Structure formats: C-alpha cells, structure tokens
Amino acid sequence: MTAQRQLKVGILGATGTVGQRFIKLLAQHPYMRTHVLGASARSAGHKYIDVVKWKQVTRVPQEVAQMVVEECVVNERWKQCDVVFSGLAEGDAGEIEASFRAAELPVFSNAKNHRRDPSTPLIVPLVNPSHLSVIPHQQAQHNLKKGFIVTNANCSTTGIVVPLKALEGAFGPLDCIVVTTMQAISGAGYPGVASFDIFDNVVPYIGSEEEKMEWETSKILGGVLPGEKGFDLHAESPLKISAACNRVPVLEGHTECVSVSFKRRPPPSPEQVKQALREFMCEAQSLGCPSAPKQAIVVHEEVDRPQPRLDRDDQDGAGVNVGRVRNCGVFDIKFVVLSNNVAIGAATSSIINAEIAHAKGMI
Ligand SMILES: NC(=O)c1ccc[n+]([C@@H]2O[C@H](COP(=O)([O-])OP(=O)(O)OC[C@H]3O[C@@H](n4cnc5c(N)ncnc54)[C@H](OP(=O)(O)O)[C@@H]3O)[C@@H](O)[C@H]2O)c1
C-alpha cells in the first residue's frame, strides 16, 4: 500500500475559538499536518503557547506549542501550504483571504466576508459539496490555476440545513420553515458576550444572524447557474424561511426549534420523517472522508433530547442531532436540532470540505 501524501496546512486566525479547534482536530488527522499559524500583529512573532488563550479540554498539541505565530501575510512559508484554513475574525478576513487566494492557495473560510460572492461556494459538507463545481469559474474570474476560496456556513445555518436537505431529498420541495435558535456563547468567539450580560439571562438578538440564516439556507439548498457559472443571489428563492436568534448561557452547541411545511399533500408522518433523517447519507461519507461523521443525523427517541451538554460531543461534534420529531399544529412537522457550533458549525466543516476537494483532485 502506498503512503498517502501529507498535506501542509496553514491556519489563519489560529489563536481564536475556531482556530484552536482546527489545531485540535488536525493533531489527529491522518494526512493533514499543521505547517504555519497566523494571527493578528498582536500575536505574530511570539510562540503559540505564549499568546493563545487555550480553551480546549485537551492540551495544546506539542508540535504546535513552540511554533512562532506569523502575520497573515503571504510569505514563502505560507506558499508551501497545500491548504489554508481561515478562522479569522470578520474584520480583515475578506482582504486577507483574497490575498491568499491570489497567491494560488486554496482557502477554506469560516468568515462571512465571501459567503455572498456569486462565484464563491457556500458549502456545508454534509449537504452541498456538489457546489464545488463552480471553482473553475471562480478561478477563471481571478485568472488563477490553483487558488480559490470556499466558505462554510454560519454555525446556526449549518445545523438546520442538514435535516432540511434530508427531508427535501426524501419528500420533495419544502414550502415554509420557521426556526428559533438558542445559541451558545462560544459562537461569538473569545471572550464573546460579557458574563454580566449572559449569566442568568437570554439575549434575544444576535447581530445580522437572522438574515444570514435566511439567505444562506437558500444559497446552500439552491442550485448553481447553467455551465457551473456561480450563483444567482437575486433570484427569488422558492423557500420561505423565518429565523429568530437568541444567545443563551450554554458554552458550546446551538439548539434550534424548527417547524417545516412541505409542498406535497399529504405531508409525511413523524415516523416517515425520522426514518428519512436516519437514512440520510452524504457524499462526504461515500468518498470516505476521514472527518465525516459515521451517522450524518442522529435521531433521538428520548422525550428530552438532544441537549447541548449531553449530545454536542457525539462523533466529535461532526454530525447533527435531531429529536422531538412530531406533528405541528400550524406547519406539518416540528423538531429540535442540536449541532456543535465550533465543530460541524465551523472547523470540522472546513476540514471535511478540504477532504472532499482533495478526494476530487482539486488540492
Ligand atoms: N465561534 C463559532 O462558533 C463560529 C462558528 C462559525 C463561524 N465563525 C466565524 O469564524 C471566524 C472566527 O471566529 P472565532 O469565534 O474563532 O473568533 P475569535 O475567537 O475572535 O478569533 C479571531 C482570530 O482572528 C485573529 N485576528 C483578529 N484580527 C486580525 C487581523 N487584523 N489580522 C489577522 N488576524 C486577526 C485573532 O488573532 P489574535 O489572537 O492575535 O487577536 C484570532 O486568531 C469569524 O469570522 C466567525 O464569524 C465562528
């Protein structure tokens, strides 16, 4: 058996909440190795261990602890990377990621900046990896051969699109979706929401989150333009979706209450919905991506599950948990989704997206 080629990985925003998760996951990865770490000018020039406020339950991996953090500026070391992951805060992420793409590097981003670009795929790896087909169009637009940007979705969008995709596949087009989120504090990065504001409290507002959930869901579940020429973001989506987003005093794991109606009449029963969710398989699984969950959607029968503290680390947070599937008095079906916002909601998504691109020969 021939040994698999090891991919050199660079991490932009390596000191942050998402960046730390990248480092933790890559320490166990079968063929990706952390090669360079980037953060702001405040951290650059210092050893990683001296500047990171490490918040993971495992120690900083030895091979990373003594690495000197670089500025997020393309240099010879960055150019040696096969893949660049970005956990950059949204402020400068757009320009920095574009400069790495211009240096012919494949960039997999968690930031919002390029998500709405009509030639940039917005990919939840358990849902729409087929959208990677627009990469040649993006490269042609920027006159590039190898460089590109792929974004993954907002953490709360990611949780819902996985079961929605499974339901659409099994029962045909969805009509209306109403979702109410209870989102963890870590979703706001570190230090995030002040303890004074979130302890003993619920904050019924997360800036621009509701709009993101609404348009991102349409882009992810929608198609690409003929000839794989990107996305028409002005076309009216056939899917009607309304989101209400709340911050709650949970450290990790976004819980979302979803009500759905289907175009088809009669709609599926709760038992049929549960079966379709359990049977849902995605391309990341069939391609054998090492970070893909064994079970994309875990369906709970217990009346009081899923719960963030009990279910967020199942399968290392790479899958999505669904429970309380039942009839809805206004829509057709309602259920609860729990997904790990820093795993499948962020770093794990980027890593599986890169594994899929690698399996398809794009990196
Ligand atoms: N947290 C989540 O659950 C989650 C989920 C999905 C997507 N996202 C998105 O992922 C991104 C990262 O989120 P996060 O929660 O990890 O944020 P975070 O904890 O605030 O970390 C931000 C990172 O960006 C670096 N940075 C800040 N300004 C910079 C600059 N001007 N140049 C270079 N590096 C800079 C920081 O470095 P220093 O340490 O040196 O300041 C740090 O490494 C955001 O765009 C966020 O919206 C987050």
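Remember, it's a predicted structure, so these values are computed and weren't measured experimentally.

Analysis parameters
Residues numbered from 1 in each chain as written. Predicted model: local features only at pLDDT ≥ 70, side-chain atom pairs only at ≥ 80, totals over all residues. Heavy atoms only, no water. Helix = DSSP H or I, 4+ residues; strand = E, 2+ residues; numbered from the N terminus. Buried < 20%, exposed > 50% of the residue type's maximum accessible area, 1.4 Å probe, protein only. Contact = heavy atoms within 4.5 Å. UniProt positions renumbered as here; feature names shortened; annotations may be inferred. Polar contact = N/O pair within 3.5 Å; in protein donor to acceptor, adjacent residues only side chain to side chain. Lys, Arg positive; Asp, Glu negative; His and termini not counted. Salt bridge = Lys/Arg side-chain N within 4 Å of Asp/Glu carboxyl O. Axes fitted to C-alpha atoms, helices over the stretch in contact; angles between N-to-C directions. Parallel < 35°, antiparallel > 145°, perpendicular 65-115°, else oblique. Left-handed = near helix turned anticlockwise from the far one by under 90°. Nonpolar A, V, L, I, M, F, W, Y, C, P; charged D, E, K, R; others polar. Core = buried A, V, L, I, M, F, W, Y, C linked by side-chain atoms within 4.5 Å. Domains from an automatic or database assignment. Near = heavy atom within 4 Å. Areas by Shrake-Rupley, 256 points an atom, 1.4 Å probe, with all protein chains shown as cover. Pairing = 2+ DSSP bridges.

Asker: How would you explain the environment of Glu355 if you had to name every residue and give the values?
Answerer: Relative to the helices and strands, Glu355 is located in helix α13 (residues 343-359). Taking relative accessible area as the criterion, Glu355 reaches 1% and is therefore assigned buried. Taking the C-alpha atoms as reference, Glu355 lies 9.5 Å from Pro125; in sequence the two are 230 residues apart. Excluding anything up to four places from it in sequence, Glu355 contacts His29, Tyr31, Met32, Cys289, Pro290, Ser291 and Ala292.

Asker: Quick rundown of the UniProt feature "domain: Semialdehyde dehydrogenase NAD-binding" (unreviewed entry) in the protein chain? Include the residues and the values.
Answerer: Under the feature "domain: Semialdehyde dehydrogenase NAD-binding" (unreviewed entry), the UniProt entry names residues 8-135. Helix and strand shares over residues 8-135 are 28% and 18% respectively, and the end C-alpha atoms of the span are 21 Å apart.

Asker: So what's going on with the UniProt feature "active site" (unreviewed entry) in the protein chain? Residues and values would help.
Answerer: With numbering aligned to this structure, UniProt lists the feature "active site" (unreviewed entry) at Cys155 and His254. In summary, the annotated positions, though distributed over 100 residues, converge in three dimensions, the widest C-alpha pair being only 7.9 Å. Checked against the element boundaries, Cys155 lands in helix α7 (residues 155-171). Residue classification places Cys155 among the buried residues on the basis of a relative accessible area of 13%. In this structure, Cys155 is in contact with Glu209, His254, Ser339, Asn341 and Gly345, ignoring residues within four places of it in sequence. Counting through the fold element by element, His254 comes out in strand β9 (residues 254-262). For His254, the residues in contact, after removing those within four places along its chain, are Cys155, Ser156, Met182, Gln183, Ala184, Gly187, Arg247, Val337, Leu338, Ser339 and Asn341. A distance of 2.9 Å separates the side chain of His254 from the backbone nitrogen of Ala184, its partner in a polar contact.

Asker: Account for the side chain of Arg247, with residues named and values stated.
Answerer: If you trace the backbone, Arg247 turns up in strand β8 (residues 240-247). No salt bridge forms around the buried Arg247; measuring N to O, its nearest opposite-charge neighbour Glu209 is 5.8 Å away. Within the structure, the side chain of Arg247 is placed 2.7 Å from the backbone oxygen of Ala184, a separation counted as a polar contact. Every residue in contact with Arg247, bar those within four places of it in the chain, is listed here: Gln183, Ala184, Ile185, Gly187, Ala188, Val193, Ile198, Val202, Val203, Ile206 and His254.

Asker: Give me the lowdown on the packing of helix α1 (residues 17-26) against α13, citing residues and values where you can.
Answerer: Relative to each other, α1 and α13 sit at 50°, their axes nearing to 10 Å. Here α1 lies oblique to α13, going by the angle between them. Where α1 crosses over α13, the two elements pack in a sense that is right-handed. Mapping the contact onto sequence places Val18, Arg21, Phe22, Leu25 and Leu26 in α1 and Ala343, Ala346, Ala347, Thr348, Ser350 and Ile351 in α13. Residues of the contact of α1 with α13, tallied by class, amount to eight nonpolar, two polar and one charged.

Asker: Got a sec to walk through the nonpolar core? Specific residues and values, please.
Answerer: Nonpolar side chains in soluble globular proteins tend to be buried together. In terms of nonpolar packing, the biggest core is built from 82 residues, with Met32, Tyr48, Phe85, Phe108, Leu277, Ile297 and Phe335 touching the most fellow members. The biggest single contributor to this core is α13, with eight residues. A domain split of this core shows at least three residues from each of domain 1 (7-154 + 347-359) and domain 2 (156-340). Contact partners of Leu277, with chain neighbours within four places excluded, come to Pro163, Ala166, Leu167, Ile297, Val299, Val322 and Val325. One finds Val36, Cys72, Cys81 and Val84 within the second-largest nonpolar core, a separate group that totals 14 residues.

Asker: Kindly report on the site of the ligand, identifying the contributing residues and their values.
Answerer: As a matter of local geometry, the ligand sits amid 28 residues, with Thr15, Ser40, Arg42, Ser43 and Asp92 nearest to it. Val18 has a polar backbone atom sitting 2.8 Å from an oxygen atom of the ligand. A distance of 3.4 Å separates an oxygen atom of the ligand from a polar backbone atom of Gly189. In isolation the ligand has 910 Å² of accessible area, and contact with the protein removes 82% of it. Element by element, the count of residues in the shell around the ligand is highest for helix α5 (residues 90-102), at three residues.

Asker: Talk me through the pairing of β9; I want residue IDs and the actual numbers.
Answerer: In regular strands, side chains alternate between the two faces of the sheet. When you tally the buried positions in β9, you get eight out of nine residues, the bulk of the element. As paired elements, strand β7 (residues 174-183) and β9 share eight bridges and run antiparallel to each other. Paired with Cys176 across the bridge in β9 is Ser261. As paired elements, β9 and strand β12 (residues 333-339) share seven bridges and run antiparallel to each other. The residue bridging Cys257 from the neighbouring strand is Val336, located in β12.

Asker: Talk me through the pattern of salt bridges; I want residue IDs and the actual numbers.
Answerer: Enumeration according to the criterion identifies 14 salt bridges in this entry. Among the ionic pairs, Asp82 bridges to Arg5, the shortest N-O distance being 3.2 Å. Highlighted residues: Asp82 in the loop between α4 (76-79) and β4 (83-86) and Arg5 in the segment before β1 (7-12), separated in sequence by 77 residues. Classification of Asp82 as partly exposed rests on a relative accessible area of 21%. Classification of Arg5 by relative accessible area gives partly exposed; the value is 46%.

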